[in-house]
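# Remarks on the overall topology
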Amino acid sequence: MQKAYLILVVFFIGLSSGKLFAQTDTSGKVTRLNPELLNIFDQKVPKKYKISSIKVSGNRFFDETLLTSISGLNVGEEVVIPGGDNFAKAITKLWSQNYFSDIEIYITNLTGTNIDVEIAVTERPRLSKAIIKGIRKGEQEDLQGKMGLVSGRVVTNAALQSAEEAIKKYYDDKGFRNSLVRFEEVADPAIPNSVILNIHVTKGSKVKINQINFSGNEALTDIDLKKQMKGTKEMSRLTLHPIADKGVLADPKRYNFEQYLQDWGPLSFTKTKRVLDPYLRIKLLTSAKFNQTKYGEDLEKLIAYYNSLGFRDASIEDTMTYYTTNGNINIDIKLNEGNQYYFGNINWRGNTKYSDSLLTAILGIEKGDIYNLDLLNKKLGKTLSPEGGDISGLYMDDGYLFFRTEPIETAVYNDTIDFEIRIIEGPQATIKNVRISGNDKTKEHVIRRELRTIPGEKFSRTDLIRSQREIANLGFFNQEKIGINPVPNPDDGTVDINYSVEEKSSDQLELSAGFGGGIGLTGTLGVSFNNFSIKNIFKKSAWDPLPQGDGQKLSLRFQSNGRAYRSYNFSFTEPWLGGKKRQALSLSFYDTKFANAYDPYTGQYSADAADNSYFKTTGVSVGLSRQLKWPDDYFNFGVAINYARYQLKNYPIDQVNLKGFDNGISNNLSFKFNLQRSSVDNPIFPRSGNNFLLSLQLTPPWSLFDKSIVGTTDPAKKYKFIEYHKWRITGDWYVPLGKPHGEDRNKQFVLKVSAKYGFLGRYTSKLEISPFERFQVGDAGISNSFALLGYDIISQRGYPVYETSNPKYNPDQQGASQYFTMFNKYTLEMRYPFSLNPGSTIYGLTFFEAANGWYSMKDYNPFKLRRSVGVGMRFFLPMFGLLGFDYGIGLDRYGPNTGMKDAARFTFMLGFEPD
């Protein structure tokens, strides 16, 4: 029969004999049938027809079978015409995909009761590329990944709306709250049915917070409340007319000058700030942009602050943000403080393990204290605290993993609330399985031997926290990704503990080169393998690229400055000798030769001078240290035997103490004892804990064995065997300050307090103090040639190496010729981490330092110190270790004849933090 183009669409507008057959598609277009087609179907009597075939036309990118499936029409399906909704549903389903700009369904053939159906679609254009206009290149790059527009995908209204929302949010977060976005679609002549999307962005001017107004706050001042809003700050201001800031919901309360004087305001910084705030507000380091997310968080902080002060019914009744005449915004917050409450009687119920009096003492809350539900939950241990000292920690450290508490309000009268704390102790849990995952390189036994949680022992929360610390201190894993997941098994009273770690690179490479005039190439090559495995050194399969995983440390280092200087260093440490106890074996060997390569007769540097005038040191050391159980297991005791051989050839090293001793050999055999206690939580960036070290290094009293040593005037005999006793005391404390900043809970200020003392003594007053093993004080802690004598290098930022105890003496910029037998050093550092990523730990610091050295106890004055202040940065890169920069100003170097430029020094450190 003749092809009948009967267009069926979603809604039938009208159907009656004698009238045209009209219908509307989803785009609102009305199509009317030609009256000649009305004879094909009986419009009065609905009749069933069977679909014999389905064809799709107009599709370029979509599969015909897929579109047929989405439509829901099937060959063999019966439809009713007129009156059926099969075709209307098919168009609705296809339209909902948002891929088409037009959809029509035709009946192309009618044979008896069989019909052929054609689905005609017009596909929406696809995105060729999106071009952002009107903003900087950097902002364009940021937005490309945020809009969700992908080349080759259909450009839908939903996609454009989503892109617009992403752009507006991007600028809202930056303070541009009036940004405008306009889309322009241009056909791409190179690709059929594709468009180039031009996105015109006008970000407008930045909107800042002009004023925050409060009402309903009687107990707390506006300034008290504004301090809690860390993410919502007002802009700086200077005005004589604060009345212009009158709010809509909240009128700011003015603290008048008369009341300020009555309250003795000039003696109070807070009251002075309060009276000046409407007129003068200086915000140098804070942003006044408005962020909706942070604003919502700050509103919650306001209520939490009220709750912490006993106002448990405090609420925010209403808020409003509105624009000022200059385009900034004001914020009004209407509060209902409610009444302030206090703790009443606190009773215990269900406790059989510990008495009421002990639990009350640990809780630390007395009747009459300001009501604070967060404090109560913290003391009960309902919120986990690494510091411990709560009720939950008391029970959980004794195996009561299933322990829980339920604080119940039993009475509320006037302003007092009584509590009954119901305790469910439960059974003691035993550790069943301990599993470790994520250690791809480090062998499991290296981690397992650090754990305090051992199968078969009672569960302890303190042991969990300590285990996490020990894993972090290995230095092989990302500290921020160490996971601990206790899995209780209530059926058998056991618990499985699952540890997860993330490996990080711990090996280090030191490589540097330079050129020294007249003495040749200067170079350093050093490698440290901090997770070495000597057991697998002969297994080819274990070299990937080196045998590793047993937690041993191997260091090799070579330095050369042409013929003037060369040094070899080797060290090896096994932290678990025997594999069963925490006892470390360390071995080291070094051989160093220093020559100035200068011929005083010719005034030139030469190879012959380097061979005929030098100072050589060869040494070996063997040490053994072991963890102690008393007073606690943070203590460690170590013993080491050291031998150093000093050889001089036509080389004067000390014209004061070793005058005439230019050739010969000195021997230094010493025994060193260390007692250390370290509880720092991380070796790279400690946030808490402390470190104490007491060391004694001494030689045999050779002068008691050979009396002729005391009376001789021959330096070669006097110092053939060196004798001394050296004492060192070091104390470091790390104190976290304030609350964490940003999303990372570990990003907070840390105060480091450090004190160091050193003393070098002799066995008899008839013999001079040894010229060896002294203390070099000043500069960046980098050793000079005299460090070959075994000197302890004590840094002081802002000063060069100095040789006098008088702080008023400006030290020689070229260095010192004598060194101290005593020293004191005190340091205060304020640190803040910018990145705790294991790939690059970065933190900044400010410091105050005071230090000095003396030659004898007679000269010693602990109050006569050189002082310095400054700033610095530290970069810890796993491959290269520590990189440090400090800019220090020597306060005692600054004077009438010394400007600030001459009093300041820039220092650099590589590989380690100087002593």
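See above for the structure.
Residues numbered from 1 in each chain as written. Predicted model: local features only at pLDDT ≥ 70, side-chain atom pairs only at ≥ 80, totals over all residues. Heavy atoms only, no water.

## A short note on the nonpolar core
Nonpolar side chains in soluble globular proteins tend to be buried together. Rule in force here: For the purposes of this section, nonpolar cores are sets of buried Ala, Val, Leu, Ile, Met, Phe, Trp, Tyr and Cys residues that join through side-chain atoms within 4.5 Å. Relative accessibility decides the category of a residue: with a 1.4 Å probe and only protein chains considered, values under 20% of the type maximum give buried, values over 50% give exposed, and everything between is partly exposed. Only DSSP runs of H or I with at least four residues qualify as helices, and only runs of E with at least two residues qualify as strands; both kinds are numbered from the N terminus onward.
Among the nonpolar cores identified, the biggest contains 26 residues, and Phe615, Tyr646, Ile653, Phe772, Val777, Leu789 and Tyr802 are the most heavily contacted of them. If you list the elements that add at least two residues to this core, you get strand S31 (635-649), strand S36 (775-777) and strand S37 (792-794). Counting residues per element, this core draws most heavily on S31, which supplies three residues. By size, the runner-up hydrophobic cluster in this structure holds 23 residues, among which are Tyr49, Val56, Ile115 and Val154.

## Structural notes on the environment of Ser437
Rules: Every residue pair with non-hydrogen atoms within 4.5 Å of one another is taken to be in contact.
By the secondary structure assignment, Ser437 is in strand S20 (residues 430-437). A sequence separation of 64 residues divides Ser437 from Val501, and the C-alpha atoms of the two residues are 6.4 Å apart. Contact partners of Ser437, with chain neighbours within four places excluded, come to Tyr499, Ser500 and Val501.

## Some points on helix H10 (residues 373-380)
To keep it simple, the criterion reads: In this context, the arc is that of the directions from the helix axis out to the C-beta atoms. In the analysis that follows, any N or O atom pair within 3.5 Å is treated as a polar contact, provided that within protein one partner can donate a hydrogen and the other can accept it, and provided that, for residues neighboring in sequence, both atoms belong to side chains.
Considered for burial, the residues of H10 that qualify are Leu376, Asn377 and Leu380. Across the axial projection of H10, the buried residues extend over an arc of 95°, all falling on one side. For H10, the elements touching its buried residues are strand S17 (342-349), helix H9 (356-363), helix H11 (391-396), strand S18 (404-413) and strand S19 (416-424). For H10, the side-chain oxygen to backbone nitrogen distance between the N-cap and Asp374 is 3.1 Å, and the N-cap itself is Asn372. A positive backbone phi angle near 85° is found at Gly381, which sits one or two residues after H10.

## Some details on the packing of helix H3 (residues 137-144) against helix H4 (residues 157-173)
To keep it simple, the criterion reads: The axes used here are C-alpha line fits, helices contributing only the stretch in contact, and every angle between their N-to-C directions lies in the interval 0 to 180 degrees. Small angles under 35 degrees read as roughly parallel and large ones over 145 as roughly antiparallel, with 65 to 115 read as roughly perpendicular and the rest as oblique. Handedness of a helix crossing follows the sense of rotation of the near helix relative to the far helix, less than a right angle counterclockwise being left-handed and clockwise being right-handed.
Remark: H3 packs on H4, axes separated minimally by 10 Å, with the N-to-C direction vectors making an angle of 125°. One element, H3, and the other, H4, form an angle in the oblique class. Between H3 and H4 the crossing geometry is right-handed. From H3, Glu139, Asp142 and Leu143 reach across to H4, where they touch Ile167, Tyr170 and Tyr171.

## Details of the packing of aromatic side chains
Basically, it comes down to this: Any Phe, Tyr or Trp ring, taking Trp's six-membered ring, that has another such ring centre within 6.5 Å forms a pair; planes under 30 degrees apart are called stacked, those over 60 apart edge-to-face, and the others tilted.
Applying the stated criterion to the full structure yields 33 aromatic pairs. Relative to Phe419, the ring of Phe343 has its centre 5.9 Å away and its plane inclined at 50°; by these criteria the two rings are tilted. Of the two residues, Phe343 sits in strand S17 while Phe419 sits in strand S19, which places them 76 residues apart along the sequence. Side by side, Phe343 and Phe419 carry an identical accessibility label, which is buried.

## Re a positive patch on the surface
To be explicit about the condition: What makes a patch is a set of residues exposed beyond 30% relative accessible area and free of salt bridges, joined within 9 Å when like-charged and within 5 Å when nonpolar (Val, Leu, Ile, Met, Phe, Trp, Tyr). Per-residue and other accessible areas follow the Shrake-Rupley method at a 1.4 Å probe size, with only the shown protein chains counted as cover for residues. The salt bridge criterion pairs a side-chain nitrogen of Lys or Arg with a carboxyl oxygen of Asp or Glu, the two atoms within 4 Å. Think of it this way: Lys and Arg go in the positive column, Asp and Glu in the negative one, and His and the chain ends go nowhere. Charge coordinates come from a single atom per side chain, which is NZ of Lys, CZ of Arg, CG of Asp or CD of Glu.
On the surface, a cluster of positive charge is contributed by Lys146, Lys174, Lys206 and Lys208. In this structure, Lys174 sits in the loop between H4 and strand S10 (180-187). When its relative accessible area of 33% is taken as the criterion, Lys174 is described as partly exposed.

## Side note on the packing of helix H1 (residues 64-71) against helix H2 (residues 86-95)
Counted only if it meets this: When residues are sorted by character, Ala, Val, Leu, Ile, Met, Phe, Trp, Tyr, Cys and Pro go into the nonpolar class, Asp, Glu, Lys and Arg into the charged class, and all the rest, Gly among them, into the polar class.
Following both chains from N to C, one finds H1 and H2 inclined at 120°, their axes separated by 8 Å at the closest point. As the angle between them shows, H1 and H2 are arranged oblique. Where H1 approaches H2, its residues Leu67, Ile70 and Ser71 are matched on the opposing element by Ala90, Lys93 and Leu94. Broken down by class, the residue content of the contact of H1 with H2 amounts to four nonpolar, one polar and one charged.

## With respect to the side chain of Asp550
You can see Asp550 is positioned in the loop between strand S24 (520-532) and strand S25 (552-561). Engagement of the side chain of Asp550 in a polar contact is seen with the side chain of His445, the distance being 3.4 Å. Not counting chain neighbours up to four residues away, the residues in contact with Asp550 comprise Lys443, His445, Val446, Arg449, Asn531, Phe532, Ser533 and Lys535.

## A word on helix H13 (residues 461-474)
Under the convention used in this document: The span one expects for a helix is its residue count, reduced by one, times 1.5 Å.
In this model, H13 (14 residues) spans 21 Å end to end at C-alpha, consistent with the 20 Å of a helix rising 1.5 Å per residue. The set of residues buried in H13 consists of Arg461, Leu464, Arg466, Ser467, Arg469, Glu470, Ile471, Ala472 and Leu474. On its buried face, H13 sits against H11, helix H12 (444-448), strand S21 (483-489), strand S22 (494-500), strand S30 (614-627) and strand S32 (664-678). For H13, the capping residue at the N-terminal end is Ser460, with a side-chain oxygen 3.4 Å from the backbone nitrogen of Thr462. One or two residues past the end of H13 sits Gly475, with phi positive at roughly 85°.

## Overview of the sheet that holds S10
Consider a sheet: its strands pair through backbone hydrogen bonds, and that pairing is either parallel or antiparallel. Let me state the cut-off plainly: Pairing between two strands requires that DSSP report at least two bridges joining them.
The mixed open sheet is built from three strands, whose spatial order is S9-S11-S10. Both outer strands of the open sheet, strand S9 (126-133) and S10, are each paired with one neighbouring strand and no more. The average undirected angle you get between the axes of adjacent strands in this sheet is 20°. Contacting S10 and strand S11 (194-202), H4 runs over the sheet at an angle of about 140° to S10.

## Let's talk about the pattern of salt bridges
Summed over the entire model, instances satisfying the criterion amount to 42 salt bridges. With a closest N to O distance of 3.3 Å, Lys718 and Glu768 form a salt bridge. One end of the pair, Lys718, is in helix H17 (residues 715-718); the other, Glu768, is in the loop between strand S35 (749-761) and S36, and 50 residues separate them in sequence. Using a relative accessible area of 13% as the deciding quantity, one classes Lys718 as buried.

## Notes on the pairing of S19
Along S19, seven of the nine residues are buried, which leaves the element largely enclosed by surrounding structure. Bridge analysis of S17 against S19 gives six bridges, and the strand direction is parallel. Across the sheet, residue Ile346 finds its bridge partner in S19, namely Phe419. Sheet topology note: the S18/S19 ladder contains nine bridges and is antiparallel. Along S19, the bridge assignment pairs Val412 with Ile417. Linking two consecutive strands that pair antiparallel, namely S18 and S19, is a turn of two residues; a positive phi of about 55° is found at Asn414 within it.

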